[in-house]
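Architecture and fold: a report
The primary structure of each chain is shown beneath.
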Amino acid sequence: MATSSSSSLSSASSSAAAVSVVPRPARVVPGAGAFVLTAATGVTHPPELAAEAAWLRGALGPATGCLLAPGPGITLLLDPDALPAEGYRLEITTSAVELRGGSAAGVFAGLQTLRQLLPADAFRRARVRTAEWSLPVCVIEDEPAFGWRGVMLDVARHFLPKQDVLRFVDLMAVHRLNVLHLHLTDDQGWRIEVPGWPRLTSVGAWRTGSMRGSRQHETFDERPHGGYYTGDDLREIVAYAADRHITVVPEIDLPAHVQAAVAAYPSLGAVPVEGVRTRWGGLSDGVLAPTEEALGFCRDVLAEVCTIFPSRYVCVGGDEVPTGPWERMGHPDPGSLGGWFVAELAGMLAAHGRVLFGWDEVLAGGAAVPSDALIGGWRGEHGTIAAARAGFDVVACPDTSVYLDYRQGEGADEPIPVGPLLTLADVYAFRPVPSALSAEDGARVLGGQAQIWTEHMDSVRRIDYMAFPRLCAFAEAVWSGAGSGPSSEPESGPGSESGSGSGDFADFVARLTSGHLARLDALGVEYRPLHGPHPWQTRPDAAGWPRERADREAELLELTRDIRGAVGVDGGE
Ligand code: ACM
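Below is a short write-up of the structure. Just so it is clear, the structure is predicted and the values come from calculations on it, not from any experiment.

In this structure, Leu180, Trp190, Phe297 and Phe508 are the most contacted members of the largest nonpolar core, which totals 167 residues. In terms of residue count, the dominant contributor to this core is helix α8 (residues 292–308) (nine residues). When near neighbours in sequence (up to four residues on either side) are disregarded, Leu180 contacts Val151, Leu153, Val165, Phe168, Val169, Met172, Ile246, Thr247, Val248 and Val249.

On to the packing of helix α4 (residues 162–174) against helix α6 (residues 231–243), then. Where α4 contacts α6, the two axes come as close as 10 Å, and the packing angle between them is 15°. Relative to α6, the element α4 lies roughly parallel. For α4 against α6, the interelement crossing comes out right-handed. Of the residues in α6, those in contact with Lys162, Val165, Leu166, Val169 and Asp170 of α4 are Asp233, Glu236, Ile237, Tyr240 and Ala241. Partitioned by chemical class, the residues of the contact of α4 with α6 number six nonpolar, no polar and four charged.

Turning our eyes to something else, we now look at the packing of α8 against helix α10 (residues 337–351). At a minimum axis separation of 10 Å, α8 and α10 run at an interaxial angle of 40°. One way to sum up the angle between α8 and α10 is to call them oblique. In terms of crossing hand, the pair formed by α8 and α10 is right-handed. On α10, the residues touching Leu295, Cys298, Arg299, Leu302 and Cys306 of α8 are Trp340, Phe341, Glu344, Leu345, Met348 and Leu349.

Quick look at the packing of aromatic side chains now. What characterises a pair of aromatic rings is the spacing of the ring centres plus the angle enclosed by the ring planes. The full count for this structure, using the stated rule, is 18 aromatic pairs. Seen in terms of ring centroids, Trp148 and Phe357 are 5.9 Å apart; in terms of plane orientation they differ by 65°. Their pairing is edge-to-face. One end of the pair, Trp148, is in strand β7 (residues 148–154); the other, Phe357, is in strand β15 (residues 355–359), with 209 residues separating them in the sequence. Overall, the relative accessible area of 8% leaves Trp148 in the buried class. A relative accessible area of 0% places Phe357 in the buried class. Measuring from ring centre to ring centre gives 6.2 Å for Phe505 and Phe508, while their planes differ by 35°; the resulting arrangement is tilted. Of this pair, Phe505 and Phe508 both sit in helix α17 (residues 503–523), three residues apart, which is roughly one turn of the helix. The rings of Trp148, Tyr313, Phe357, Trp359, Trp378, Tyr403, Tyr406 and Trp453 are connected pair by pair, giving a single aromatic cluster. The lysine or arginine in question, Arg129, covers the ring of Trp133, its NZ or CZ lying 4.7 Å from the ring centre. If you follow Arg176 out to its NZ or CZ, it ends over the ring of Trp479, 4.8 Å from the centre.

Rules behind the numbers
- Residues numbered from 1 in each chain as written.
- Predicted model: local features only at pLDDT ≥ 70, side-chain atom pairs only at ≥ 80, totals over all residues.
- Heavy atoms only, no water.
- Core = buried A, V, L, I, M, F, W, Y, C linked by side-chain atoms within 4.5 Å.
- Buried < 20%, exposed > 50% of the residue type's maximum accessible area, 1.4 Å probe, protein only.
- Helix = DSSP H or I, 4+ residues; strand = E, 2+ residues; numbered from the N terminus.
- Contact = heavy atoms within 4.5 Å.
- Axes fitted to C-alpha atoms, helices over the stretch in contact; angles between N-to-C directions.
- Parallel < 35°, antiparallel > 145°, perpendicular 65-115°, else oblique.
- Left-handed = near helix turned anticlockwise from the far one by under 90°.
- Nonpolar A, V, L, I, M, F, W, Y, C, P; charged D, E, K, R; others polar.
- Phe/Tyr/Trp six-rings, centres within 6.5 Å; stacked < 30°, edge-to-face > 60°.
- Lys NZ or Arg CZ within 6 Å of the ring centre and 35° of its normal.

And the structure:
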């Protein structure tokens with residue numbers, strides 16, 4: 001899926017820096033002068049691009065006062081013969097703007113670049129000034145390095161109200177990200193209404209309190225927490241995302257991570273649980289019993305999921321499945337049940353014409369995993385390597401590179417610092433295709449996915465802090481294939497603070513500080529300043545658990561023996 005290079009324009013990252021676009025376009029040729037957007041500027045487009053033109057009017061009209069009525073000025077065109085599907089070519093002269101896309105998605109990606117070429121106030125929701133809205137004369141040719149540019153949002157550990165999810169979709173679109181993986185259920189909360197199973201939301205969507213800080217400290221608040229989405233809320237999110245060329249991939253985490261569901265319907269569980277879980281980490285006893293009743297539950301839930309979400313892939317989790325509860329209920333072969341569930345769930349999805357997405361632990365189920373399954377490789381690079389070598393399509397989401405709940409600085413004031421250090425530079429250095437893979441196996445890596453686990457993010461403000469600007473760096477890694485050029489490594493190396501590197505990372509930071517952070521400010525994103533948190537972003541009341549990267553790497557090597565053994569791909573990493 002690597003990007004192909006066009007011969008008509010040269011790659012010029014310094015020119016790209018001059019226009020300060022994030023993620024960085026593949027090729028930019030700057031010119032002299034500007035096209036000035038005015039109340040008289042119009043938009044023309046073929047009927048197939050009516051939605052993209054409407055988006056442009058909605059995004060720029062209120063901020064600029066230019067209503068972009070039908071007429072000459074900006075021309076949108078489809079050009080699938082000349083351009084890759086998600087690619088675009090944007091040509092700005094002093095008298096006209098022409099944007100061609102290989103598809104409507106390509107045109108939409110080009111509109112994101114067009115918006116970023118305007119002053120940052122174009123990202124506000126209404127006018128704060130009347131100065132010229134100039135677009136610099138230039139030609140930009142661009143296409144993504146990877147087709148799967150995902151973000152997983154955990155709305156189970158802390159519920160994220162619908163309006164905040166819609167806002168997050170807008171922020172994804174700004175960064176040309178195209179898959180929103182919604183982690184809808186977990187031990188600490190069930191967030192999707194399912195007909196026939198009312199207690200999932202009347203009981204399973206609420207908990208009495210939450211752990212405060214990391215699990216070692218055993219401290220809790222006594223603040224009830226909860227919330228869930230109705231079917232119509234989710235349909236609205238799906239449609240809103242689709243209008244922005246973003247696919248929503250739902251996740252129902254099975255057969256473990258179901259304490260909230262078992263709290264609602266105790267007979268579903270292998271062993272009893274004590275209500276909806278209030279603590280983080282470790283493995284909960286909330287595991288489905290291998291019964292007809294539990295399978296019927298899964299069938300009903302997945303049927304509802306398939307009516308709401310049109311995505312080809314449906315994630316059924318499969319991660320972190322303890323066999324202890326099955327042993328304690330006296331099952332003769334508890335080690336076989338993870339694979340048995342995977343096979344059953346894959347069959348249920350196939351009946352709806354859908355395909356299983358599972359976390360890399362499902363590979364331990366061997367032949368139970370259907371050959372068209374998509375694997376989320378999260379345990380370092382091992383999951384991605386094992387899945388690709390075993391012939392599966394895979395999305396790379398290695399925790400050590402893209403888990404945005406991990407601490408982003410070493411300072412004592414970093415809020416709730418958990419996991420190994422994962423700085424802006426570290427995320428920027430993410431490469432979806434592990435270097436250990438052959439070209440043939442590497443081609444099975446569809447792209448990458450950043451993960452936002454929200455144990456320690458109880459509101460959209462904390463998500464903003466943890467996600468930005470690291471998500472900007474991630475977007476560049478998956479759109480631009482950042483750093484594939486000559487000076488790809490941040491000079492200051494893994495674990496460094498930002499701002500002092502050379503080459504691509506320095507260029508990225510320059511674009512952030514010269515233009516992109518101002519866009520985030522205009523959008524009202526409460527990102528982490530590059531030098532560390534504002535005082536009000538610290539959490540002295542909630543202690544974390546910082547870990548060393550080397551310790552996590554050693555732990556991952558041990559943990560992934562299950563899949564490396566099962567698929568027979570050990571060695572060569
Ligand atoms: C995961 O982080 N348990 C997928």
